[in-house]
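Residues per chain are reported as follows:
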Amino acid sequence: MAVDTERTTPSAPRAPRRAGGLRHRLAERGVDRVLLLLVPALLVVILLFLYPMMYGVGLSLQPQKGGGMLANYRAFFDDPYQRDTIWKTLRLALPAALINVGVSVPIAYRLRGRFRGRRALTAILVLPVTLGTVLVADGLLRYLGPKGWFNRVLLDLGLVDEPVRLIYNYWGVLFSLIITGFPFAFLLVLAYMSGIDPTLERAAATLGAGPWQRMRRILLPLLAPGLATTFVLAFVLAFSVFPSANLVGEPADETRVMAIAAYQSAFEKYDYSMASTIAVLMGAFELLVISVTLLVRGRLYTGPSAGGKGA
């Protein structure tokens, strides 16, 4: 009797199906599947940042009056009225960023501990961020104007014979930038300061280090990366000053910054090519200051990018 070999012969075991085949294939190529979550963010950056930036660069190379691709750039630097906007903008943005970061360090140092009223005081310090540039400018006009309470007090005390001019000039814009930019700098510095392990200072104190030595040798080196980042963000925020320069400054002369020059080219002269040129130059000078800041940080500090508790 013949035996049905097809039924009696055991079939060869099938190879187990590889679970997560796509994940393994990506892992073999050194690609983490989690990185795919960055695709939507990358598309947003391309559509809302990269494309408009490249479009603006291309538009700046198409002068409205002809003369070659770089005609707008030559015209900008050949015109003293336009060229001076670079210095006027830097003259406002750099001091505002330095003051905001410098003042934030000692205040954050005092507020990083736990004490009664700490949250209320922190809320008061960051309150200006909720006001906006227009309300801050309105407050400066009311309090520092020729008939504001500050000048009235000075006149009543006989300290001055005429009101002190603190608005509609350089100082008015600088005050506005400091008031609106301080909360951002303070919150960032406070976050970096709170991340430093306090036992490092206590250990230094037991070795005889005074407050200034602890600040100079422990806190400031650990804060260096955070301070550089905070300065960069504060500078970029102040460099694009436009409402303050118009409301409490002198937009036709002393506070005619690059943003105002770009606005006038686009919406008063309808020269969008020149406006794009000024915008590109604004980005170039911002990138220059950021590069110098990061270079200096790299020269002065070679440790980890941030110091944290227990680091």
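Because the structure is predicted, anything quoted here is derived from the model rather than measured.

What counts, and at which threshold
Residues numbered from 1 in each chain as written. Predicted model: local features only at pLDDT ≥ 70, side-chain atom pairs only at ≥ 80, totals over all residues. Heavy atoms only, no water. Helix = DSSP H or I, 4+ residues; strand = E, 2+ residues; numbered from the N terminus. Buried < 20%, exposed > 50% of the residue type's maximum accessible area, 1.4 Å probe, protein only. Contact = heavy atoms within 4.5 Å. Areas by Shrake-Rupley, 256 points an atom, 1.4 Å probe, with all protein chains shown as cover. Core = buried A, V, L, I, M, F, W, Y, C linked by side-chain atoms within 4.5 Å. pLDDT = per-residue confidence, 0-100.

1. Overview of the overall build of the chain
- When helices and strands are tallied, the chain shows 14 helices and 0 strands.
- Counting helices and strands in the order they occur from the N terminus, the chain gives α-α-α-α-α-α-α-α-α-α-α-α-α-α.
- Here the chain holds 311 residues, and the buried ones make up 34% of them.
- Considering only contacts within the chain whose residues lie at least 6 apart along the sequence, 70% involve residues at least 24 apart.
- Accessible area for the chain stands at about 19,900 Å²; split by element, carbon and sulfur atoms hold 66% of it.

2. Concerning the nonpolar core
- If you look at the biggest cluster of nonpolar residues, it comprises 53 residues, and the most contacted ones within it are Phe239 and Met258.
- The greatest single-element share of this core, amounting to 10 residues, is contributed by helix H5 (residues 80–111).
- The contact partners of phenylalanine 239, leaving out residues within four places of it in the chain, are Thr89, Leu90, Ala93, Met258, Met282, Phe285 and Glu286.

3. A word on the side chain of lysine 88
- For lysine 88, the position within the fold is in helix H5.
- Classification of lysine 88 by relative accessible area gives buried; the value is 15%.
- Residue contacts for lysine 88: discarding those within four places in its chain leaves Asp253, Glu254, Arg256 and Val257.

4. Digging into the confidence of the model for the chain
- With 87% of its residues at a pLDDT of at least 70, the chain reaches an overall mean of 85.
- Within the model, pLDDT remains below 50 along residues 305–311, and this stretch shows 10 contacts once partners closer than five positions in the same chain are excluded.

5. Some words on helix H13 (residues 258–267)
- Across the 10 residues of H13, 8 count as buried, placing the element largely inside the fold.
- Taken together, the buried positions of H13 are Met258, Ala259, Ile260, Ala261, Ala262, Gln264, Ser265 and Ala266.

6. Examining the environment of leucine 98
- Take leucine 98: it is sitting in helix H5.
- Between the C-alpha atoms of leucine 98 and threonine 230, which are 132 residues apart in sequence, the distance is 9.8 Å.

7. Re unusual backbone geometry
- The backbone phi angle of tyrosine 168 is positive, close to 55°, even though this residue is not glycine.
- Inspection of the secondary structure assignment puts tyrosine 168 in the loop between helix H8 (149–156) and helix H9 (170–194).
- Residue classification places tyrosine 168 among the partly exposed positions, given a relative accessible area of 41%.
- At tyrosine 270, a position not held by glycine, the phi torsion is positive, near 55°.
- Take tyrosine 270: its relative accessible area is 51%, and that puts it in the exposed class.

8. Digging into the environment of serine 60
- Looking at where serine 60 falls in the secondary structure, it is placed in helix H3 (residues 38–60).
- Between the C-alpha atom of serine 60 and that of alanine 279, which follows or precedes it by 219 residues, the distance is 8.9 Å.
- If sequence neighbours within four positions are ignored, serine 60 has contacts with Met69, Asn72, Tyr73, Ser273, Ser276, Thr277 and Val280.

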